[in-house]
Amino acid sequence: MPIDISNTQSGEIDPGDVPAEIESITRGLASEQPPTNPLVVLKAARWWYIHGKGGSDPAFRWAIEWTRHLAIDTPSDVERFDAYLEYLVTVGFADEPYELR
C-alpha cells in the first residue's frame, strides 16, 4: 500500500482519501463479523497510524486492540470500540454509530 507522504499524520481524514481496501477493512472492524486475519487488520492499523493521528488515532487503536483480541483471545475493550465508532462518524463513514453495525 503506497504512502502519501504529504498526508501523513495530519489528523484530518476525508473519506474520499481512504483507499477502498482500507475503507472495507475499517468498516469490517465496525461490523457484526469483523475480520479474523490479524495481518489484514494490521494493514488497516498501519494506514490509520500513518495517515491519521498516529498512535492516538482511534481507528489505529481499535485495529491494534482487535488484533490483540485475535492473538490472545481476550475480551476487547468496549470503550475503545465505542470511541472507534464515534470516530468513524466524525470522519464521515456514517451519520450515526449504529449505521456501522
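Conventions adopted
Residues numbered from 1 in each chain as written. Predicted model: local features only at pLDDT ≥ 70, side-chain atom pairs only at ≥ 80, totals over all residues. Heavy atoms only, no water. Salt bridge = Lys/Arg side-chain N within 4 Å of Asp/Glu carboxyl O. Helix = DSSP H or I, 4+ residues; strand = E, 2+ residues; numbered from the N terminus. Buried < 20%, exposed > 50% of the residue type's maximum accessible area, 1.4 Å probe, protein only. Axes fitted to C-alpha atoms, helices over the stretch in contact; angles between N-to-C directions. Parallel < 35°, antiparallel > 145°, perpendicular 65-115°, else oblique. Left-handed = near helix turned anticlockwise from the far one by under 90°. Contact = heavy atoms within 4.5 Å. Nonpolar A, V, L, I, M, F, W, Y, C, P; charged D, E, K, R; others polar.

Q: Mind showing me how you'd approach the pattern of salt bridges here?
A: Taken as a whole and judged by the stated rule, the model has five salt bridges. Ionic pairing is found between lysine 43 and glutamate 21, a salt bridge with its closest N-O pair at 3.0 Å. You can see lysine 43 sitting in helix 2 (residues 38-51) and its partner glutamate 21 sitting in helix 1 (residues 20-30), a full 22 residues away along the chain. What makes lysine 43 partly exposed here is its relative accessible area of 31%. Between arginine 101 and glutamate 32 there is a salt bridge, with its nearest N and O atoms 3.2 Å apart.

Q: Help me understand the packing of helix 1 against helix 2, please; the structure alone is not making it clear to me.
A: A pair of packed helices is captured by two measures, namely the crossing angle of their axes and the spacing between those axes. Look at helix 1 against helix 2: their axes get within 9 Å of each other, and the N-to-C directions meet at 110°. Comparing the axis directions of helix 1 and helix 2 gives the class roughly perpendicular. When the axes of helix 1 and helix 2 are compared, the crossing they make is left-handed. Where helix 1 approaches helix 2, its residues Glu21, Ile22, Ile25, Thr26 and Leu29 are matched on the opposing element by Val40, Val41, Lys43, Ala44, Trp47 and Trp48. The class makeup of the residues in the contact of helix 1 with helix 2 is eight nonpolar, one polar and two charged.

Q: Looking at this structure, how should I read unusual backbone geometry?
A: Notably, aspartate 73 is not glycine yet its phi reads approximately 50°, a positive angle. For aspartate 73, the position within the fold is in the loop between helix 3 (58-72) and helix 4 (78-91).

The analysis is restricted to geometry; functional conclusions fall outside its scope.
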